[in-house]
Amino acid sequence: AQDRLLEALPSKINAVQEPFTRVQVGMALFGLHRCKDNSSLRAVLAALTPKVVACEEELQGQEIGNCFYGLQQCNDSPEVRGMLAALSSKLHASSCSMSPQELGNALYGLQKCGAANTDFIHAIIADLAKRVAACEARLPVQNIVNGLYGLQTCRDGPEVRALLSSMAPHVRESPELFVPQQISMALYGLQQFGESPALQEVLSALTERVLDCQKDWKFHNAAVALYGLRRCGDTEVSRALLGALASHFARIAEPINNQGISMAFAGLQSFREGPEVSAMLAALRPNVEGCTEEISGQTISIALHGLHRCGGSPEARSLLPFFANATAACKKPFSVRQLAGAFYGLRVCGDAPETRAVVGALAAKLEECHEPLNGQAMANILYGLQNLTDSPEVKAVLRAILPHISACKQPYKTYEAAMALQGLRGCTEASSEALAVLAALTAKVAACQETFAPNQLYMAFSGLRHLGPGPEVRALISSMRPHLELAATQANPGRLRHVLTALEGVGGPEAEACVEVLRRRLGAMAAPEAPALGGAEAAAPASLPVGWSVHRHEGRIYYAHEVLGSQWTRPRDVAPQAASSSPGPPAARPSAERGGREVEKVATVVPEVHGLPAGWSLHRQGNQVYYSHSIHGSQWSMPGASLPDGWAVHVGPCGRTYYHHEQHGSRWEMPC
């Protein structure tokens, strides 16, 4: 009957000639709040939108609350967007204040249509945030809960954060106690938001409410509350809230279902190992193991994925046998998405018997899967194996995934190839399955249309460390070399050194050649050489004093000397003068003149020169240096020539000597 009525309404609405009053607009939209979202409802919204636009009266708080409240069942659609755009304009034009109930109703109505993530949604939230901040009355608990719950599909952003900042004092200062259902609804509404200060403020206030709550919790309410933390970040505040919720989970003793398990574990995906996570997993275990339903592939996938940061704890590993048995007992095949999520969740679980049992059960499901695997799915599956060594279970996965890699026609993205390769880092050259997968991935790398970033190069090379210098590894490195050479010209030294550490553990001439490329580049970056200079500067080197050369750095010219180091000012061709205390080299004559008169320069001794033979000292006069001995006299070249090949001595601006090599960089100590 409702559907038939909705089908008849659009023509009736369109036939109305006179404009709707503000009360009529509010009542019409409010009446839709229990209607299911279907084509008939969307047709009614499309017919009502022009009436909202044509309304000449300014909407008051009650009408604003009613209008948005009526949209609570509406998912994102063109018709809903049209209505939201009309309401956004009316809201902006209204100067009225709104009561706590009106604000709660308005925000509650956004619970599904907030996913539109359009400019008018942002404008609506920004306007309501200002009205919450301006509300002089304290918001009752139910209005607070309705407001936060309505944000569940809204994207994080400055408007949402402003609203959260406005709501936090109301949460903290409310004289009412929150019951479990209200806490779970409030937290569920925060599921889309990252670790912003505004969110942490609300979470901190809700933590106090969780600790104050003396009511018994049902597993569903607790799981819904935990689900709301899935993107909140691993912060001190969120961990305190997790610990408070764990104390309530520990007291729950009731049968649970697939949905409850899925929501609880999904809420853990932001958290790494720690006492609060361990307490939560320990509290969850008896409830999970007591589940009498057949566990679905979707539940297994979501639960294991929720462990992808905290799966290395003993409490997490104690749950793995349950999921291994549930996987083996599941009668339905797993979808590609379910397999990818489940394998990815094992990435930090370690090479334990419990982990291998899950991998073995999942390998059988992968073998049964007849859906095509895309690059993302294959990357997630292999990436989840990265902390597992060669074992029958890992080899079974590699055998099962190999035909899928070969059959995939879409080009891989670079991060997908890097993740897949890193997943092989526990495999050895004794694994023919790993080498076969590596050969298949090499073809995908060669076909990549993007350039590998340095962190992706590190991931890829780290996967080769134990696979030996065989033809498969050599072919992969050859296909990666153009990406490495391009990265070497663009990345900073820290990132390149990171790549070098991964590549140094890989054998074979191709790997050694890539290592040499990186070392040369790092050496050049330690003492950057300038490009050739043109114009008047091109002739400058010929007129510089002996040992000096001209360079350009970031567009600015500087001058470098093997011993004296570098400087911005142009050096003058001044030789050291003879002196009784520091005699200069034989036949040295000053060549700089000022006003026809020779300018005398006083030589100074440079301290802390390492590597000189006994009795020798280094002197600086003007822009040149020489070496002096009380018996052997003075000379331009360094006596003893005791530095290894490629090393040179320099003097820094502070007067302290250091040693530099093109590949190995600079150091204070003399190289052996």
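Residues numbered from 1 in each chain as written. Predicted model: local features only at pLDDT ≥ 70, side-chain atom pairs only at ≥ 80, totals over all residues. Heavy atoms only, no water.

Caption draft 1: Local environment of the overall build of the chain. Scanning the chain for helices and strands turns up 27 helices and 12 strands. By the burial criterion, 53% of the 672 residues in the chain qualify as buried. A fraction of 75% describes how many contacts in the chain between residues 6 or more apart in sequence connect residues 24 or more apart. Roughly 30,000 Å² of accessible area belongs to the chain as shown, and the carbon and sulfur atoms make up 51% of that amount. (Helix = DSSP H or I, 4+ residues; strand = E, 2+ residues; numbered from the N terminus. Buried < 20%, exposed > 50% of the residue type's maximum accessible area, 1.4 Å probe, protein only. Contact = heavy atoms within 4.5 Å. Areas by Shrake-Rupley, 256 points an atom, 1.4 Å probe, with all protein chains shown as cover.)

Caption draft 2: Local environment of the packing of helix α5 (residues 78-93) against helix α7 (residues 119-134). With their axes 9 Å apart at the nearest point, α5 and α7 run at an angle of 35 degrees to one another. Crossing handedness for the pair α5 and α7: left-handed. Together, R81, L84, A85, S88, L91 and H92 of α5 and F120, I121, A123, I124, D127, L128 and R131 of α7 make up the contact between the two elements. When grouped by side-chain class, the residues that make up the contact of α5 with α7 number 8 nonpolar, 2 polar and 3 charged. (Axes fitted to C-alpha atoms, helices over the stretch in contact; angles between N-to-C directions. Left-handed = near helix turned anticlockwise from the far one by under 90°. Nonpolar A, V, L, I, M, F, W, Y, C, P; charged D, E, K, R; others polar.)

Caption draft 3: Examining the confidence of the model for the chain more closely. Put simply, the chain has an average pLDDT of 86, and 82% of its residues get 70 or more. Counting contacts from residues 528-542, a segment whose pLDDT is below 50, to residues more than four positions away or on other chains yields 15 contacts. Predicted confidence for residues 574-608 stays below pLDDT 50, and this span has 70 contacts to residues more than four positions away or in other chains. (pLDDT = per-residue confidence, 0-100.)

Caption draft 4: Fine view of the nonpolar core. The biggest cluster of nonpolar side chains holds 194 residues, and the ones touching the most others in it are L29 and F265. Those residues in contact with L29 that lie beyond four places of it in its chain are L45, L48, V52, N66, C67, G70, L71, M83 and L87. If you look at the next biggest cluster of nonpolar residues, it comprises 5 residues, including L544, W548, V550 and Y559. (Core = buried A, V, L, I, M, F, W, Y, C linked by side-chain atoms within 4.5 Å.)

Caption draft 5: Fine view of the environment of G150. Looking at the element boundaries, G150 is found in the loop between α8 (141-149) and α9 (158-173). The exposure class of G150 is buried, given its relative accessible area of 0%. Taking the C-alpha atoms as reference points, G150 and G189, separated by 39 residues in sequence, lie 6.2 Å from one another. Sequence-distant contacts of G150, that is, excluding residues within four places in its chain, are made with L107, Y108, L110 and Q111.

Caption draft 6: Spotlight on the pattern of salt bridges. This model, assessed by the stated rule, comprises 18 salt bridges. The network of salt bridges with shared partners includes R22, E57 and E63. (Salt bridge = Lys/Arg side-chain N within 4 Å of Asp/Glu carboxyl O.)

Caption draft 7: Looking closely at the layout of surface pockets. Counted as a void, the second largest pocket has a volume near 450 Å³. Lining the second largest pocket are 17 residues; nearest its centre among them are S301, H305, R337, A340 and G341. For the lining of the second largest pocket, the element with the highest residue contribution is helix α18 (residues 336-344), accounting for 6 residues. Among the residues forming the lining of the second largest pocket, the class breakdown is 6 nonpolar, 10 polar and 1 charged. (1 Å grid on protein atoms, 1.4 Å probe; cavity = no way out; pocket = protein on both sides within 12 Å on 5 of 7 lines; lining within 4 Å. Points joined across faces, edges and corners; volume = space filled by probe spheres on them.)

Caption draft 8: Broad picture of the packing of helix α14 (residues 258-266) against helix α15 (residues 275-289). At a minimum axis separation of 11 Å, α14 and α15 run at an interaxial angle of 165 degrees. In terms of orientation, α14 and α15 fall into the roughly antiparallel class. The chirality of how α14 crosses α15 is left-handed. Where α14 approaches α15, its residues I261, A264 and F265 are matched on the opposing element by L281, L284 and V288. In the contact of α14 with α15, the residues fall into 6 nonpolar, no polar and no charged. (Parallel < 35°, antiparallel > 145°, perpendicular 65-115°, else oblique.)

Caption draft 9: Fine view of the packing of aromatic side chains. By the definition in use, this model includes 9 aromatic pairs. Their ring planes at 25 degrees and their centres at 5.8 Å tell us that Y69 and Y108 sit as a pair that is stacked. Here Y69 is found in helix α4 (residues 61-69), whereas its partner Y108 is found in helix α6 (residues 100-108), with 39 residues between them in sequence. Take Y69: its relative accessible area is 18%, and that puts it in the buried class. Taking the relative accessible area as the measure of exposure, Y108 reaches 16% and is therefore buried. Taken together, a centroid distance of 5.6 Å and an interplanar angle of 85 degrees make the contact between F265 and F323 edge-to-face. Placement of F265 in helix α14 and of F323 in helix α17 (residues 314-329) is noted, with a sequence separation of 58 residues between them. Here the two residues F265 and F323 agree in accessibility, since each one is buried. An aromatic cluster of three or more residues is present, and its members are F30, Y69, Y108, Y149, Y188 and Y227. (Phe/Tyr/Trp six-rings, centres within 6.5 Å; stacked < 30°, edge-to-face > 60°.)

Caption draft 10: Representation of the state of the cysteines in the model. What the rule picks out here adds up to 0 disulfides. Free cysteine: C154, not disulfide-bonded; nearest cysteine sulfur from C113 at 7.7 Å. (Disulfide = S-S within 2.5 Å.)

Caption draft 11: Spotlight on the side chain of R239. Residue placement: R239 occurs in helix α13 (residues 236-249). At 2.6 Å, the side chain of R239 forms a polar contact with the backbone oxygen of R272. The contact partners of R239, leaving out residues within four places of it in the chain, are D234, F271, R272, E273, G274, E276 and V277. (Polar contact = N/O pair within 3.5 Å; in protein donor to acceptor, adjacent residues only side chain to side chain.)

Caption draft 12: The environment of R317, seen in detail. Mapped onto the fold, R317 is located in helix α17. Of the residues examined, R317 reaches a relative accessible area of 24% and is grouped as partly exposed. Along the chain, R317 and G350 lie 33 residues apart, while their C-alpha atoms are 9.0 Å from each other. In this structure R317 touches G311, G312, C349, A352 and E354, once residues within four positions along its chain are discounted. A polar contact is formed between the side chain of R317 and the backbone oxygen of G312, at a distance of 2.7 Å.

Caption draft 13: Highlighting helix α10 (residues 180-188). With 8 of its 9 residues buried, α10 lies for the most part within the structure. Within α10, the full set of buried residues consists of P180, Q182, I183, S184, M185, A186, L187 and Y188. In this fold, the buried residues of α10 make contact with α6, α8, α11 (197-212), α12 (219-227), α13 and α14.

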